[in-house]
Amino acid sequence: MLLVNRAVLFNLLFAYFAFGDPEEEQGVKYANKCEVCKVLATELEARLDETGKTNDVLEIGYSVDDVVPKKKKEYKKSELRLVESMENVCERILEYNIHKERTDSTRFAKGMSQTFKTLHGLVDRGVNVDLGIPYELWDKPSVEITTLKTQCEDLLENYEADIEDWYYNHQREIPLIRYLCSERALKGQNDSCLNENLDIEKNIKKQKKKEVSKEDADSKKSMKDNSPNMKQEL
């Protein structure tokens, strides 16, 4: 069992401290522009979905004697909603973890990575795991995540006007990830990461499992249905 644990630990540490570009020599691979834009667009649209569920109406204008009626505007279509949605949107990235067992943009995702789940499991079983950082810091945002947050803030600042234009004029027609990333921030650059979707891959695997299970069930049913005939022939 100890040999197995050592083998598992070696493979996990190799995955964790993968080699490649200079920064990867320390197990670090920062997000590229495509990954940054993808995360920003995903989180901002998610935030807009949250703030768009209310039916509140805002009263706009100021009057000393309250004789002049104030203008009314739906919160869903207001500038206030956009401002509140954009505010601290990049803070949401601190909920992400780096999933080093993946190589594409889905390595940036919420939830504990499979690598760290396994490492935590080994620690719980009494295995001494040394990653070069204190155990209590294992679940803190990594340098890739904190850097991604900063990159997100820079991108948000640089494309704030484009986001506002999308919000007021195009949000019902074009997804933000296409409007902001493909057509602007990444125009003429590699935007292939925008099509990488972990959920789709999971659904495909689940569907394949269902098909295999159905085939097994049909096969067993067929054998059961034929068993009386086999006995009769015997």
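It should be noted that the structure appears before, not after, this text.
Residues numbered from 1 in each chain as written. Predicted model: local features only at pLDDT ≥ 70, side-chain atom pairs only at ≥ 80, totals over all residues. Heavy atoms only, no water.

So, the packing of aromatic side chains: which residues are in play, and what are the values?
Scanning all chains against the criterion turns up one aromatic pair. Judged by centre distance (5.0 Å) and plane angle (75°), the rings of Tyr 167 and Tyr 168 are edge-to-face. You can call Tyr 167 buried: its relative accessible area is 3%. What makes Tyr 168 partly exposed here is its relative accessible area of 43%. (Phe/Tyr/Trp six-rings, centres within 6.5 Å; stacked < 30°, edge-to-face > 60°. Buried < 20%, exposed > 50% of the residue type's maximum accessible area, 1.4 Å probe, protein only.)

Run through the nonpolar core, naming residues and quoting values.
Within the largest apolar cluster, 35 residues are counted, with the highest numbers of intra-cluster contacts made by Leu 40 and Leu 180. Sorting the residues of this core by element identifies helix 2 (33-51), helix 3 (79-86), strand 3 (96-98), helix 5 (143-158), helix 6 (160-169) and helix 7 (176-185) as the ones contributing at least two each. In terms of residues, this core owes the most to one element, helix 2, which gives eight residues. Setting aside anything within four residues of it in sequence, one finds Leu 40 in contact with Val 89, Cys 90, Cys 152, Leu 155, Leu 156 and Leu 180. Membership of the second largest hydrophobic core comes to five residues, among which are Leu 119, Leu 122, Val 127 and Val 129. (Core = buried A, V, L, I, M, F, W, Y, C linked by side-chain atoms within 4.5 Å. Helix = DSSP H or I, 4+ residues; strand = E, 2+ residues; numbered from the N terminus. Contact = heavy atoms within 4.5 Å.)

Don't take any of this as a statement about function, it's just geometry.
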